[in-house]
Amino acid sequence: MTRSALALATALLPTVRSLALPPRLQHVFDLAVSCGNDVLSVADIGTDHGLLASELTKHFQSVIGVDKSEHALQGGALSRDNAGRNVDFRVGNGLQTLRRGEADVVCIAGMGVHTMCEILDPHSLETIDTQHLVLQPTNSRPKHLMLLYEFVEGHGWSVEDECILYTQGRWYITTRFDRSHPFSSYKRSSLPGSILTTKASMYPEFSNYKDHHVQWIGQDKRHTGKMSDADRRWLEILPRQ
Ligand SMILES: C[S@@+](CC[C@H](N)C(=O)[O-])C[C@H]1O[C@@H](n2cnc3c(N)ncnc32)[C@H](O)[C@@H]1O
């Protein structure tokens, strides 16, 4: 086969990447799939248009899409043709519609960190026995991500992986947290971006993000005369990484 024919054949080969998802949601999909082949069920909280939930059916045996707005579901997920797909859409608040064992992985994207923290009620997560979280908040400022990380890590989860994407004028940091084993050795809390500093494919984008926010935090300080404690702690870790 000639080199150009080989290149064409390779381009036409089916790939694991989905063409149906925007790149932002592809990161959520990829981190959910990275939980392993023995991880069979997933829930997408705040599913809305249902794109992510539909796509997750390609990897998971059971997918549940939850939205608190019936209107959003009717106009979004339920208006799509999901015939033959193993996806169940439910109206409800956060994790409340899920029963034990129904979601090995919980994905939440497209919400602010405060809403996410409200949804990630530790008791509910314990009750449904979820082992993995994949979170992509709409706020990307370090102090907001610090709030999310401290909340989640403080309730017994550890950062397993991170992705970063700049699209449509915004950064999106997507994080996979795994439930810490109660007997595992003590794991230091991670700061947002610590894994990205070690990922060659993501480092250039993280570097842009870091430069942008270092400048932004400095500007804020000049205007207000102070710096939030979360920003200070995030900045302190950077030179040591
Ligand atoms: C901006 S959309 C995000 C859709 C999709 N996850 C994405 O990232 O493109 C947010 C959705 O979350 C839903 N939502 C907000 N709070 C919720 C909650 N506590 N429980 C379930 N759904 C919620 C809203 O109704 C809305 O449809």
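Within an unreviewed UniProt entry, the label attached to the protein reads Methyltransferase domain-containing protein, and the organism entered is Fistulifera solaris.

S.K.: Run through the pattern of salt bridges, naming residues and quoting values.
M.R.: Side-chain pairing between opposite charges can occur once the charged atoms of the two side chains come close. Inspection of the entire model under this criterion finds 11 salt bridges. Residues Asp161 and Lys199 are paired through a salt bridge, measuring 3.0 Å at the closest nitrogen-oxygen approach. Here Asp161, found in strand β6 (residues 157-167), pairs with Lys199, found in the loop between β7 (170-179) and α8 (203-224); they are 38 residues apart in sequence, far enough to count as distant. A salt bridge links Arg232 to Asp229; the shortest N-O distance between them is 3.9 Å. Remark: Asp229 and Arg232 occur in helix α9 (residues 229-237); sequence separation between them is three residues, near one turn of the helix. According to the relative accessible area criterion, Arg232 is partly exposed, its value standing at 37%.

S.K.: Give me empty space enclosed by the protein: which residues, what numbers.
M.R.: Tallying each qualifying case throughout the model produces one cavity of 30 Å³ or more. Of the voids in this model, the largest cavity is the one considered here, and its volume is about 50 Å³. Lining the largest cavity are Leu120, Pro122, Leu125, Leu133, Phe151, Val152, His155 and Trp157. Going through the elements one at a time, α6 (122-128) and α7 (142-154) are the ones with two or more residues in the lining of the largest cavity. Considered class by class, the residues forming the lining of the largest cavity number seven nonpolar, one polar and no charged.

S.K.: How would you sum up the site of the ligand? Please name residues and give values.
M.R.: Near the ligand you find 17 residues, and of these Arg24, His49, Asp67, Asn93 and Gly94 are the closest. The backbone of Gly46 places a nitrogen or oxygen atom 2.8 Å from a nitrogen atom of the ligand. Ala109 has a polar backbone atom sitting 3.0 Å from a nitrogen atom of the ligand. For the ligand, whose unbound accessible area comes to 600 Å², protein coverage reaches 81%. More than half of the atoms of the ligand fall within 2 Å of the grid points belonging to the largest pocket. Mapped by element, the contributors of at least two residues to the shell around the ligand are α2 (23-33), β4 (105-111) and α5 (113-119). Top contributing element to the shell around the ligand by residue count: β4, with three residues. Looking at side-chain class alone, the shell around the ligand contains five nonpolar, eight polar and four charged residues.

S.K.: Talk me through the pairing of β6; I want residue IDs and the actual numbers.
M.R.: Within β6, eight of the 11 residues are buried, which leaves the element mostly enclosed by the surrounding structure. Relative to β7, β6 is paired through 10 bridges, and the arrangement is antiparallel. Within β7, the residue paired with Val159 across the bridge is Phe177. Where β6 folds back onto β7 in an antiparallel hairpin, the turn is made up of two residues, including Gln168, whose phi is positive at roughly 50 degrees.

What counts as what
Position numbers for residues count from 1 along each chain, tracking the sequence in the order it is written. Where local features are concerned, this predicted model is filtered to residues with pLDDT of at least 70; where side-chain atom pairs are given and counted, the filter is 80 or more; whole-chain, interface and lining totals use all residues. Only hydrogens and water are removed before side-chain values are computed, so all heavy atoms of the structure are retained for them. A side-chain nitrogen of Lys or Arg and a carboxyl oxygen of Asp or Glu constitute a salt bridge if their distance falls within 4 Å. Secondary structure is summarised from DSSP: a helix means a run of H or I of at least four residues, a strand means a run of E of at least two, and numbering begins at the N terminus for each. Buried, partly exposed and exposed residues are distinguished by accessible area as a fraction of the type maximum, computed with a 1.4 Å probe on protein chains only: under 20%, between the cut-offs, and over 50%, respectively. Here a cavity denotes grid points, spaced 1 Å and computed from the protein atoms alone, that fit a 1.4 Å probe unable to get out, and a pocket denotes an open set having protein on both sides within 12 Å along at least 5 of 7 lines; residues with an atom within 4 Å of a point are the lining. Grid points are joined across faces, edges and corners, and a volume is the space filled by probe spheres set on the points. For this classification, Asp, Glu, Lys and Arg are treated as charged, while Ala, Val, Leu, Ile, Met, Phe, Trp, Tyr, Cys and Pro are nonpolar and the rest, including Gly, are polar. Here a residue counts as near a molecule or strand whenever at least one of its heavy atoms sits within 4 Å of it. Think of a polar contact as two N or O atoms within 3.5 Å of one another; within protein, one of them needs to be a possible hydrogen donor and the other a possible acceptor, and neighboring residues in sequence only count if both atoms come from side chains. To be clear on the numbers: accessible area is Shrake-Rupley with a 1.4 Å probe, and residue cover counts the displayed protein chains and nothing else. Occupancy of a cavity or pocket is assigned to a molecule whenever over half of its atoms lie within 2 Å of that pocket's grid points. A pair of strands is treated as paired once DSSP finds two or more bridges between them.

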